[in-house]
Amino acid sequence: MMDLRMWMIWPDNAALSILVLSLIAMVVLYAARAPMHGLMRSASHALGGPLRLGARWLFGVAGEMKARNKAVLLAQGRRESGQRIEREFERLGLLVTRDLQGYPTLQRKLLEEITRVEEDYKKCGEVPPPPPDWVDAVAAVAKIKTGGGEVVQKILVDIRQSLESIHDKALAEYRRAYQMRHSILEGFMPYWRSLDKTMKQVDKNMSDMHDTAAAVDAQMATYKEIAARSDEAESTLTNSAFTQFAIAGLVMAVALGGAFVNFKLIALPMSEMVGASDYITASLRTSEVAALVIILVEASMGLFVMESLRITHLFPRIANLNDRMRRRMVWISLGLLLTLAGIESALALMRDMLIADKQALLQSLAAAPAPVSEGWLGRIPTAGQMLLGFILPFALAFVAVPLESFIHSGRTVGGALLVNLVSALAFALRIFGSIARQAGRVLVHAYDVLIVLPLLVEQLVHSVRSGGPAPEARPVDATEKTLRPY
Amino acid sequence: MTMRTLVASAAIAGLSLAAAGCVDSRSHAQAVYMLVDSSGTYAREAGKAELVVNYLLGTLRPGDSFAVARVENRSFSEKDIIAKAMFDTRPSQANAQKRAFRDKTGAFLKTVQGTAHTDITGGLIQGAEFLNETGAGKKTIIIFSDMQEDLDKVTVRDFPIRLDNIRVIAVNVTKLNADNIDPRRYLGRLEAWQKRVNAAGASEWKVINDIERLDGIFANS
């Protein structure tokens, strides 16, 4: 209170003192208006400028990163698409080689069958011999009127009998000819079936080739899109990378679960090898680290097997080895993996024995009766542990496949996330920069509000001098423009 | 530099750092020295002592050290150590050692004979020597006694002793007839021992009278 009183012009009249002090302050502030406005604007620009500059730089960095990510993504996509096209062409080549190899034989067979069918068809086309010319003579005789003469009647009867016997012969001949044609036609059947089968095979081959060609076309379309560096291709590849990342991550998590079970199986028995009382950190035993190392070595061996088999391509040097060396590498890695799996199986057995020994000791210390033997039932967990110890290293070997996907897609996913992060940071900086600039303007206006009375007086003076309507308060933006750095 | 090379380099660097900087050179082994009072009427409590020994054998891990010694007329002597062992780091060997240890201490505790005097201080000095020689990270002296020291006229124990960084745990501190008449004697006796042990630099003083709660022995270790 004493301090406040010191500022009072009339300590007994606080209101008057404050009023006078306010007026004095207004006058002083009015006098310092221009430099104060400049100071506020400079301060806001000094704060907002670097922020906006930083935002612009970060936007630029994000753009560069995005372009680089796109280039890497498209290159990766082009390589993968190229590999897929290569594989499709290989498949198509195999198909063509396999089918075209058999085509001369197939064609010969088809021609032979067609020739035979044609010949047979021609044979079928042969009509039975026409009735002899004397049929007309018979018809003429038939028109002769008998007139009741016996001789004539007898002649006619003889003719009739002769004609009937000839007719029977001709009919028999006709039937025999048709029977022969039917038998020829019957003989067609296997050839028709064979032809049908051959044509179906040809049709299937053509259909397969058509499908493969369609797949190649689709891959080529994708390849063209990637080569054209289109946004659609980028978007598709990015989405694909995200999906692969998620799936690979899931599989890796499952594999980690398997590795954990594996670790539990061998951590205790490893203490028999490296001792149970050595520690790497306060809570991490050397035996546990040794078990972890064994599991990692197994995973590495599995990785080498997959690399040597060209299932994964994490190590270009392995992929570039000649076939002989690669085969050697496969056998060596597989041999080591098999050995490690055997060791793990033995360790799993040892674990069981150690636990049983510890239990027996504790029971003897507690003077408890020994447990009743469970017979072969009690051996099931032991056998299960041994089997698990043997199988898990081989199962872990397949982690190489999701690992490759994880690493490859991780580049895209990480890059995209980083771009988003940098963009968000740039956006935040830009907002803060704008806030700083606007804050400067707000402060200038607030300052003018504090000295509103002198400003009104100034307006009045101006209006009196000019004789017109009072102008607005001096524009604050006039100086602002000169002070704005950009 | 490709992404794969970067990841591989980071992994190798991490493993190297872990190997070089994080190796814990401190001893994580425990050493326990158990004093069993065999004086006067307390010799009848030997059966309970066997329970404590068995509990400790079941709890101690490979690489730990354990010794059981008796408290008699004068206890500052290696001859008073009934059994001692530094358990092998291999669990199977450690289990075999524990069985042998149990047999040895069991045979002694079944035939223990009462002595005329009780030299707890001498036992403590002997125990501290043993524990310091083991180089263990955690050292514990367990006193299975009524904590009533009774020295003969020629034995000198009224001097400061050193029990630096050693935990001292009194187990099964039974009440004497005189304590029943005036409990302040019992409480005063324990308080006096606590003061003496703390003055000797012990890291902890604890009393466990319930044999069913022996897990308190290693509760804070």
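Computed from a prediction, not measured in an experiment: that's the story for all the values here.

### Thoughts on the overall build of chain B
And step 1. Within chain B one finds 6 helices and 6 strands.
And step 2. Starting at the N terminus and ending at the C terminus, chain B contains elements arranged as α-β-α-β-β-α-α-β-β-α-α-β.
And step 3. Burial status across chain B gives 38% buried among its 221 residues.
And step 4. Of all intrachain contacts in chain B linking residues separated by at least 6 positions in sequence, the fraction that spans at least 24 positions is 80%.

### Regarding the overall build of chain A
And step 1. Broken down by element type, chain A carries 13 helices and 0 strands.
And step 2. Among the 486 residues that make up chain A, the fraction classed as buried is 19%.

### Brief notes about helix α9 (residues 323-365) of chain A
And step 1. In this model α9(A) runs 62 Å from its N-terminal to its C-terminal C-alpha over 43 residues, within 8% of the 63 Å that 1.5 Å per residue would give.
And step 2. A:Ala367 occupies a position one or two residues after α9(A) and carries a positive phi of about 55°.

### Here we look at the confidence of the model for chain A
Residues and elements named next belong to chain A.
And step 1. Per-residue pLDDT for chain A averages 83, and the proportion of residues at 70 or more is 90%.
And step 2. Within chain A, helix α11 (residues 400-450) carries the highest mean pLDDT (92), whereas helix α13 (residues 477-483) carries the lowest (45).
And step 3. In the model, residues 476-486 has pLDDT below 50 throughout and makes 12 contacts with residues more than four positions away in sequence or in other chains.

### Details of the pairing of strand β4 (residues 138-144) of chain B
Residue and element names in this part refer to chain B.
And step 1. Burial runs high along β4: 6 of the 7 residues are buried.
And step 2. Pairing between strand β1 (residues 30-37) and β4: 7 bridges, direction parallel. The residue of β4 that forms the bridge with Leu35 is Ile143.
And step 3. In this sheet, strand β5 (residues 166-171) lies alongside β4 in parallel orientation, the contact comprising 6 bridges. Within β5, the residue paired with Lys139 across the bridge is Ile166.

### Observations regarding the confidence of the model for chain B
And step 1. Per-residue confidence for chain B gives a mean pLDDT of 85, with 88% of residues at or over 70.
And step 2. Taken together, the chains of this predicted complex give a pTM of 0.65 and an interface ipTM of 0.78.

### Quick word on the interface of chain A and chain B
And step 1. The interface of chain A with chain B comprises 19 residues on the first partner and 22 residues on the second.
And step 2. Elements represented by at least two residues in the side of chain A that touches chain B include exactly α6 (231-274), α9 and α11 of chain A.
And step 3. Sorting elements by how many residues they give to the side of chain A that touches chain B places α9(A) first, with 6 residues.
And step 4. Of the residues assigned to the side of chain A that touches chain B, the class counts are 11 nonpolar, 4 polar and 4 charged.

### Points about the packing of α6(A) against helix α10 (residues 379-397) of chain A
Residues and elements named next belong to chain A.
And step 1. It is at 10 Å that the axes of α6 and α10 come closest, and there the two elements cross at 140°. One element, α6, and the other, α10, form an angle in the oblique class. Seen from above, α6 lies across α10 with left-handed handedness. Residues Ala255, Gly258, Ala259, Val261, Asn262 and Leu265 of α6 form the contact with α10, whose participating residues are Gln385, Leu388, Gly389, Leu392, Ala395 and Leu396.
And step 2. Of the residues that constitute the contact of α6 with α10, the class distribution is 8 nonpolar, 4 polar and no charged.

### Notes on the packing of helix α7 (residues 286-308) of chain A against α10(A)
All names here are of chain A.
And step 1. Close contact between α7 and α10 brings their axes to 7 Å; oriented N to C, the two are set at 50°. The orientation of α7 with respect to α10, classified from their angle, is oblique. In the packing of α7 onto α10, the handedness of the crossing is right-handed. When α7 is examined against α10, the residues Glu298, Ala299, Met301, Gly302, Val305 and Met306 are found in contact with a partner set consisting of Pro393, Leu396 and Ala397.
And step 2. For the contact of α7 with α10, a count of residues per class yields 7 nonpolar, 1 polar and 1 charged.

### As for helix α12 (residues 452-466) of chain A
The periodicity of an α-helix, 3.6 residues per turn, causes residues three or four places apart in sequence to face the same way.
Residues and elements named next belong to chain A.
And step 1. Compared with the 21 Å implied by 1.5 Å per residue over 15 residues, the 21 Å span of α12 between its first and last C-alpha is a close match.
And step 2. With respect to burial, α12 is a largely exposed element, only 0 of its 15 residues being buried.
And step 3. Looking one or two residues beyond α12, the residue adopting positive phi is Gly467, at roughly 75°.

### A look at the sheet that holds β1(B)
Residues and elements named next belong to chain B.
And step 1. If you trace the 6 strands from one edge of the open sheet to the other, you get β3-β2-β1-β4-β5-β6, paired in mixed fashion. The two strands at the open ends of the sheet, each matched to only one other strand, are β3 (81-86) and β6 (204-208). Recorded for the sheet is a direction-independent mean angle of 15° between the axes of neighbouring strands.
And step 2. Seen against the sheet, helix α3 (residues 91-110) touches β2 (65-71) and β3 and runs at an angle of roughly 175° to β3.
And step 3. Across the sheet, helix α4 (residues 120-134) is in contact with β1, β2, β3, β4 and β5; its angle to β1 comes to roughly 160°.

What counts and how
For every chain, the first residue of the written sequence is number 1, and numbering continues from 1 onward in sequence order. Lettering for chains starts from A, numbering for ligands starts from 1, and both go in the order in which the items are written. Where totals are concerned, whole chains, interfaces and linings use all residues; where local detail is concerned, this predicted model gives features only for residues with pLDDT of at least 70, and gives and counts side-chain atom pairs only at 80 or more. Only runs of H or I of at least four residues qualify as helices and only runs of E of at least two qualify as strands under DSSP, and these elements are numbered from the N terminus. Exposure in this text rests on C-beta crowding, where 20 or more other C-beta atoms within 10 Å of a residue's own make it buried, 12 or fewer make it exposed, and counts in between make it partly exposed. The C-beta atoms are placed from the backbone. Any residue pair is listed as a contact if its two C-beta atoms, each placed from the backbone, are within 7 Å. By this rule, a helix spans an expected 1.5 Å times one less than how many residues it contains. What pLDDT reports is the predictor's confidence in each residue, on a scale of 0 through 100. Strand pairing is defined by DSSP finding a minimum of two bridges between the two strands. Any residue outside Ala, Val, Leu, Ile, Met, Phe, Trp, Tyr, Cys, Pro, Asp, Glu, Lys and Arg is labelled polar, Gly included; the first ten of those are nonpolar and the last four are charged. A fitted line through C-alpha atoms serves as each axis, taken over the contacting stretch for helices, and the angle formed by two N-to-C directions is quoted from 0 to 180°. Convention used here: angles under 35 degrees read as roughly parallel, angles over 145 as roughly antiparallel, angles from 65 to 115 as roughly perpendicular, and any remaining angle as oblique. Rotating anticlockwise by less than a right angle from the far helix to the near helix defines a left-handed crossing, while the corresponding clockwise rotation defines a right-handed one.

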